[in-house]
Amino acid sequence: MFNKNIKIGIAALIIAYAVYQFIEGNIGNGIALILFSLVFVFFYFRNEIILLAFLKMRKQDLAGTQNWLTKIKNPEGALTVKQQGYYNYLHGIIFSQTNLTQAEKYFKKALKLGLTMDYDMAMAKLSLAGIAMQKRRKREATLLLTEAKKLDKQNMLADQIKMMKQQMKKI
């Protein structure tokens, strides 16, 4: 895995060599090099390690997800701001199974850095609401649940939100 700036530098060098190939009359080589540089540009915006961690998360392999995330040694240097948000989001999901205080820290940091999709933000707020309920902070949990409901536009989390509201009545 390369630093995010190195990825852009490599892409720029490949494009420069592609321009040289165009000037020399090797149009096919230039086109192939331009397409090859797009791989580095894609991985600048979508980190390869985060993508592989999401694939493991899809299979509900939390140990595998943790294994992929540990390969990122310096998240601030290797990831863009949104990728750092997803890095913390995945850590929050992993730690929500074992350590709620640690999970809360990661979810809050993920929301602060920002997540691209509303569904992910709703899921993070829903998880924070669950953690707040576990810690008997009803007002904070209610606020987070209403924010999660606003963000869940496709009603994918409607059942979980209803279930959490039912549990809050018992507190």
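First, a word on what this report is: a plain description of the structure on this page. Note that this is a predicted model, so its numbers are computed, not measured. Starting from 1, residues in each chain are numbered consecutively following that chain's sequence as written. Only residues with pLDDT of 70 or above have their local features reported here, since the model is predicted, and side-chain atom pairs are shown and tallied only from 80 upward, although totals for entire chains, interfaces and linings are computed over all residues. The side-chain numbers reported here are obtained from all heavy atoms of the structure, hydrogens and water having been left aside.

Description of a nonpolar patch on the surface
A contiguous nonpolar surface patch, about 780 Å² in accessible area, is contributed by Ile 15, Val 19, Phe 22, Ile 23, Ile 27, Ile 31, Ile 34, Leu 35 and Leu 38. Helix and strand labels come from DSSP, where a helix needs a run of H or I of at least four residues and a strand needs a run of E of at least two; each type is numbered from the N terminus. Breaking the nonpolar patch down by element, the ones donating at least two residues are α1 (4-24) and α2 (27-45). Considering every element that reaches the nonpolar patch, the biggest residue donor is α2, with five residues. Structurally, Ile 15 is set in helix α1. Put simply, a patch holds well-exposed residues, over 30% relative accessible area, that have no salt bridge, with like charges counted together within 9 Å and Val, Leu, Ile, Met, Phe, Trp or Tyr side chains within 5 Å. Computed by Shrake-Rupley with a 1.4 Å probe, the accessible areas treat only the displayed protein chains as cover when residues are assessed. Basic side-chain nitrogens of Lys or Arg form a salt bridge, by our definition, when they fall within 4 Å of a carboxyl oxygen of Asp or Glu.

A closer look at the packing of aromatic side chains
Working definition: rings of Phe, Tyr and Trp (its six-membered ring) pair if their centres are within 6.5 Å, and the pair is stacked with planes under 30 degrees apart, edge-to-face with planes over 60 apart, and tilted otherwise. By the definition in use, this model includes eight aromatic pairs. Each ring, one from Phe 54 and one from Tyr 86, has its centre 5.7 Å from the other, and the planes form 70 degrees; the classification is edge-to-face. Taken as a pair, Phe 54 in helix α3 (residues 48-58) and Tyr 86 in helix α6 (residues 81-95) lie far apart in primary sequence, 32 residues in all. Only protein chains enter the accessibility calculation, which uses a 1.4 Å probe; a residue whose area is less than 20% of its type maximum is buried, one above 50% is exposed, and one in between is partly exposed. On the accessibility criterion, Phe 54 (27% relative accessible area) is partly exposed. The interplanar angle of 65 degrees and the centroid separation of 6.2 Å between the aromatic rings of Tyr 89 and Phe 107 together place this pair among those described as edge-to-face. On the criterion of sequence distance, the pair formed by Tyr 89 in helix α6 and Phe 107 in helix α7 (residues 100-113) is long-range, its members being 18 residues apart. Each member of the aromatic cluster is reached from another via a ring pair, and the members are Phe 54, Tyr 86, Tyr 89 and Phe 107. For the cation-ring pair, Lys 71 lies above Trp 68, with the distance from its terminal atom to the ring centre recorded as 5.4 Å. Here, a charge over a ring means that NZ of Lys or CZ of Arg falls within 6 Å of the ring centre while also lying within 35 degrees of the ring normal.

Side note on α7
The end-to-end C-alpha distance of α7 is 20 Å, a good match for the 20 Å that 14 residues give at a rise of 1.5 Å each. Of the positions making up α7, those classed as buried are Ala 103, Glu 104, Tyr 106, Phe 107, Ala 110 and Leu 113. Two residues form a contact once any of their heavy atoms are found within 4.5 Å. On its buried face, α7 is in contact with α6, α8 (118-134) and α9 (138-151). For the purposes of these results, a polar contact is taken to be a pair of N or O atoms within 3.5 Å, where, inside protein, one atom must be able to donate a hydrogen and its partner to accept one; residues adjacent in sequence count only when each atom of the pair is a side-chain atom. One side-chain oxygen at the N-terminal end of α7 lies 3.3 Å from the backbone nitrogen of Thr 101; it belongs to Asn 99. Looking one or two residues past α7, Gly 114 carries a phi angle of roughly 105 degrees, positive in sign. To estimate the expected span of a helix, count its residues, drop one, and scale the result by 1.5 Å.

Some thoughts on the nonpolar core
Think of a nonpolar core as a cluster: buried Ala, Val, Leu, Ile, Met, Phe, Trp, Tyr and Cys residues, connected wherever their side-chain atoms sit within 4.5 Å. Core analysis: the biggest nonpolar cluster contains 35 residues, and Ile 50, Leu 69, Tyr 89, Phe 107, Leu 126 and Leu 145 have the highest contact counts within it. Taken together, the elements giving at least two residues each to this core come down to α3, α6, α7, α8, α9 and α10 (158-169). Beyond its immediate sequence surroundings of up to four residues, Leu 69 is in contact with Ile 50, Ala 53, Tyr 87, Leu 90, His 91 and Ile 94.

A few points about the pattern of salt bridges
Within this structure, the stated rule accounts for eight salt bridges. The salt bridge partner of Lys 108 is Glu 104, with a shortest N-O separation of 3.4 Å. A residue pair is termed a helical-turn pair when its members lie 3 or 4 positions apart in one helix, as Lys 108 and Glu 104 do in helix α7 at four residues. Classification of Glu 104 by relative accessible area gives buried; the value is 8%.

Examining the side chain of Gln 83
Secondary-structure assignment places Gln 83 in helix α6. A polar atom in the side chain of Gln 83 sits 2.9 Å from the backbone oxygen of Phe 45. Beyond its immediate sequence surroundings of up to four residues, Gln 83 is in contact with Phe 43, Tyr 44, Phe 45, Arg 46, Asn 47, Ile 50 and Ala 78.

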